[in-house]
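Chain by chain, the residues:
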Amino acid sequence: MSKITPITVAYGDGIGPEIMQAVMHILMKAEAKIRVETIEVGEQLYKKHYTSGIAPDTWESIERTKVLLKSPITTPQGGGYKSLNVTMRKTLGLYANVRPSISYHPFVATQHPDLDLVIVRENEEDLYAGIEYRHTHNMRESMKLISRTGCEKIVRYAFEYAVKNNRKKVTCFSKDNIMKFSDGIFHQVFNEIAKEYPKITNEHYIVDIGTARLATKPEMFDVIVTSNLFGDIISDVTAEISGSVGLAGSANIGENFALFEAIHGSAPDIAGKNIANPSGLLNGAIMMLVHIGQGEVATIIENAWKKTLEDGVHTSDIYNPKISTKKVGTKEFAEEVVKRLGQKPSKLRVASYASVAAESDKKTTYKIDVSEKKTLVGVDIFVDMNVNSADSVAAKVNPIDGGKLVLKTISSKGLKLWPRDDSFFMNSDHWCCRFMPDSGEITHEDITDLLAKLAAAKVDFIKVENLYNFDDKAGYSLAQGE
Ligand code: NAD
């Protein structure tokens, strides 16, 4: 008999409490060996002015149990609130978000009877760093941060997942035709690590055509690894086309902690009505049981749940008079699953999990490689000037004596506008002035001297990006037309 494992549980917002009660009822009746510590997070805490939706002492429970089962949380829009989900993923180092989707054809209506895939989504980086700025009256910026070590961690996780779960292919989705540095390194690392797994087929799609194929021929895919934002979008698409966004669970895995949840949100439109489907959270709980070494209980629950689906007992999101036999509410659905504990599905794949606790991820140290020679070769200085041509910007900036630094180009929104032969007008208040020496390297002092001169000339510089070469290769993008 497995030992009692303490877990932390958050009932969440919207439909969260209803679906968690349903899931806890099933876990208790299936005799999961867990001791529950309940924490309060989300809306209640936001209202108490905890801007991340969690009180500082709440982390203690998670630190102790290392495992969290969490209902969805409502993130208040605007007003400086940070998403609790993103805060938790980053604080707990949950770098891998694993989102399986499967078709339950013919018991749940779907146009994709053979859909059976897993999305491995990078969970800590990308636009979810949430670093944003308003530079000018007109222009705002969200930073997309991608590290090589972050790519290495998630890509290796995806290949290891494929090996352990008998999957045959890993597909990378990226947009490296446009974002050559950030998505470029994701794709490059994918190619490097794929070579270490010759038995697993690998392929790459640009995310737009990849998503189109996923939405129309999902059976082409097995494991998909991608960055944070793309992963978020494509996993909702996948869950929805499998039958309902209410079906899929998700595991957020790190080296020391793990968090399990449904992929959907708090669905305020149906909250408190006892109609939400608890299956997504239940599938998250099943992944949790496997993770803590209670595969037998996970097996019993998953089989009972599949039998309930097969028997046509459906919540309203998947209810279809042609296939369903009974429409039930959240509570009643849980009761129907409990009635079937010990039974197996007859057509859907019978679950069978081993009761072995997931080895905590190999503590691979991802070292930052500093072998390339890094050289400071210039600076992009972004300025706020509300004018309609780059010539007006040049007229103000070019006469300033930049010492070693010479104004080479002016661009706006990535398009080079100065110098150019034809006149081109653009209304903008956001201009990038690229300064470089005529030859050789520069120092940080060259840049600060130039900034001092721009300040004296009352040029409102709003952002400074240093330009570096790495082993003589440019570490910065060229503007279109440069
Ligand atoms: P949502 O996933 O909550 O709802 C989208 C649609 O799907 C709604 O029509 C909803 O009724 C339906 N739906 C979702 N779950 C269902 C279920 N279990 N059963 C039946 N129908 C279900 O997405 P949203 O409306 O964009 O977001 C609502 C809130 O949830 C927002 O505040 C958002 O920030 C938050 N959110 C939280 C998480 C999380 O906690 N992990 C994830 C996504 C969104």
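Shown above is the structure to which this text applies.
Here the structure is a predicted model, which is why all the values come from computation and not from measurement. (Residues numbered from 1 in each chain as written. Predicted model: local features only at pLDDT ≥ 70, side-chain atom pairs only at ≥ 80, totals over all residues. Heavy atoms only, no water.)

**Student:** Is there a simple way to think about unusual backbone geometry in this case?
**Tutor:** Trans peptide bonds make up most of the peptide bonds, and negative phi angles are found at most residues other than glycine. Residue H105 is joined to P106 through a cis peptide bond whose omega torsion reads 0 degrees. Positionally, P106 belongs in the loop between β4 (96-102) and β5 (116-122). The backbone phi angle of K66 is positive, close to 70 degrees, even though this residue is not glycine. Note that K66 resides in the loop between α3 (59-65) and β3 (67-70). (Helix = DSSP H or I, 4+ residues; strand = E, 2+ residues; numbered from the N terminus.)

**Student:** What is the right way to look at the packing of helix α7 (residues 207-216) against helix α8 (residues 228-242) in this model?
**Tutor:** Helices that pack against each other are described as a pair by the angle of their axes relative to one another and the distance between those axes. Contact pair α7 / α8: the axes reach a minimum separation of 10 Å and the direction vectors enclose 15 degrees. The angle between α7 and α8 falls in the class roughly parallel. Considering the relative orientation of α7 and α8, their crossing is right-handed. Mapping the contact onto sequence places V207, T211, L214 and A215 in α7 and F230, I234, V237, T238 and I241 in α8. Its residues placed into classes, the contact of α7 with α8 shows seven nonpolar, two polar and no charged. (Axes fitted to C-alpha atoms, helices over the stretch in contact; angles between N-to-C directions. Parallel < 35°, antiparallel > 145°, perpendicular 65-115°, else oblique. Left-handed = near helix turned anticlockwise from the far one by under 90°. Contact = heavy atoms within 4.5 Å. Nonpolar A, V, L, I, M, F, W, Y, C, P; charged D, E, K, R; others polar.)

**Student:** Just to check I follow, could you spell out the sheet that holds strand β1 (residues 5-10) for this structure?
**Tutor:** Backbone hydrogen bonds hold the strands of a sheet together, and the pairing may be parallel or antiparallel. Strand order across the open sheet formed by 10 strands is β2-β1-β3-β12-β11-β4-β5-β10-β8-β9, with mixed pairing between neighbours. Of all the strands in the sheet, the pair left with one neighbour each is β2 (34-39) and β9 (201-206). Across the sheet, the mean angle from the axis of one strand to that of its neighbour is 25 degrees, orientation sign disregarded. Inspection of the sheet shows strand β8 (residues 169-174) paired to strand β10 (residues 223-226) by four bridges, in the parallel sense. Each bridged residue has a counterpart across the sheet, and for F173 the counterpart in β10 is T226. Along the sheet face, α7 touches β5, β8, β9 and β10 and points at about 110 degrees away from the line of β9. (Pairing = 2+ DSSP bridges.)

**Student:** I tried to follow the site of the ligand on my own but got confused; where do I start?
**Tutor:** Surveying the vicinity of the ligand reveals 20 residues, the closest of which are I73, G265, A267, D269 and N277. H264 places a polar side-chain atom, nitrogen or oxygen, 3.1 Å from a nitrogen atom of the ligand. In the model, a nitrogen atom of the ligand is placed 2.9 Å from a nitrogen or oxygen of the N277 main chain. Starting from 810 Å² of accessible surface for the ligand in isolation, the protein chains cover 68%. Of the residues assigned to the shell around the ligand, the class counts are eight nonpolar, eight polar and four charged. (Near = heavy atom within 4 Å. Polar contact = N/O pair within 3.5 Å; in protein donor to acceptor, adjacent residues only side chain to side chain. Areas by Shrake-Rupley, 256 points an atom, 1.4 Å probe, with all protein chains shown as cover.)

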